[in-house]
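Observations on the three-dimensional arrangement
Each chain, written out:
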Amino acid sequence: MSKQGWDTLTKSEEAFVVNSYEIDILPGVWGDLDEARPVNELAGTLPALIDRGWIEVRRFVPWISPSGQNGFQRRAGAS
């Protein structure tokens, strides 16, 4: 990620990128913005960042390990 690219991000986009590193997308975004933004406004931000290659999103499904612990596993066929 270049400094020039980072400098072009809006505050909402910046919050999404930071929270994508923390694996805490929407709840963390609200906490990192100065003012609350509605879900419908933020919802358009994520696909735009995905399309530009800044964030990768994968589906995970609930999973129980052989030892019985709950967790998540990447969905079969998801890239």
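A quick note: this is a predicted structure, and the numbers were derived from the prediction, not measured. (Residues numbered from 1 in each chain as written. Predicted model: local features only at pLDDT ≥ 70, side-chain atom pairs only at ≥ 80, totals over all residues. Heavy atoms only, no water.)

**Focus on the overall build of the chain**
From N to C terminus, the chain includes five helices and two strands. Secondary structure elements in the chain, listed N-terminal to C-terminal, are α-α-α-α-α-β-β. Within the chain, the fraction of its 79 residues that count as buried is 23%. Long-range pairs, those at least 24 residues apart, make up 30% of the contacts in the chain with a sequence separation of at least 6. (Helix = DSSP H or I, 4+ residues; strand = E, 2+ residues; numbered from the N terminus. Buried < 20%, exposed > 50% of the residue type's maximum accessible area, 1.4 Å probe, protein only. Contact = heavy atoms within 4.5 Å.)

**Some remarks on the side chain of glutamate 13**
Inspection of the secondary structure puts glutamate 13 in helix α2 (residues 11-21). Among the residues examined, glutamate 13 registers a relative accessible area of 11% and is labelled buried. Polar contacts involving the side chain of glutamate 13 include one to the main-chain amide nitrogen of threonine 10, which spans 2.9 Å. Setting aside its immediate chain neighbours within four residues, glutamate 13 contacts Thr8, Thr45, Leu49 and Arg52. (Polar contact = N/O pair within 3.5 Å; in protein donor to acceptor, adjacent residues only side chain to side chain.)

**A word on the nonpolar core**
Counting nine residues, the largest nonpolar core consists of Leu9, Ala15, Phe16, Val17, Val29, Leu33, Leu42, Leu49 and Ile55. Setting aside residues no more than four positions away along its own chain, isoleucine 55 makes contact with Phe16, Val17, Ser20, Leu46, Leu49 and Ile50. (Core = buried A, V, L, I, M, F, W, Y, C linked by side-chain atoms within 4.5 Å.)

**Focus: the side chain of serine 12**
Structurally, the position occupied by serine 12 is in helix α2. You can call serine 12 buried: its relative accessible area is 7%. Once you skip the residues sitting within four places of it in the chain, serine 12 turns out to touch Leu33, Arg37, Glu41, Leu42 and Thr45.

**Remarks on the pattern of salt bridges**
Across all of its chains, the model carries one salt bridge by this definition. A salt bridge links glutamate 13 to arginine 52, with the shortest nitrogen-to-oxygen separation between them at 2.9 Å. On the criterion of sequence distance, the pair formed by glutamate 13 in helix α2 and arginine 52 in the loop between α5 (45-51) and β1 (60-64) is long-range, its members being 39 residues apart. (Salt bridge = Lys/Arg side-chain N within 4 Å of Asp/Glu carboxyl O.)

**Some remarks on the environment of valine 61**
For valine 61, the position within the fold is in strand β1. Sequence spacing of valine 61 and glycine 71 is ten residues, and the spatial spacing of their C-alpha atoms is 8.5 Å.

**Looking at the confidence of the model for the chain**
For the chain, mean pLDDT is 77; residues scoring 70 or higher make up 81% of the total. Predicted confidence in the chain is weakest over helix α3 (residues 25-32), with a mean pLDDT of 69, and strongest over α5, with 89. (pLDDT = per-residue confidence, 0-100.)

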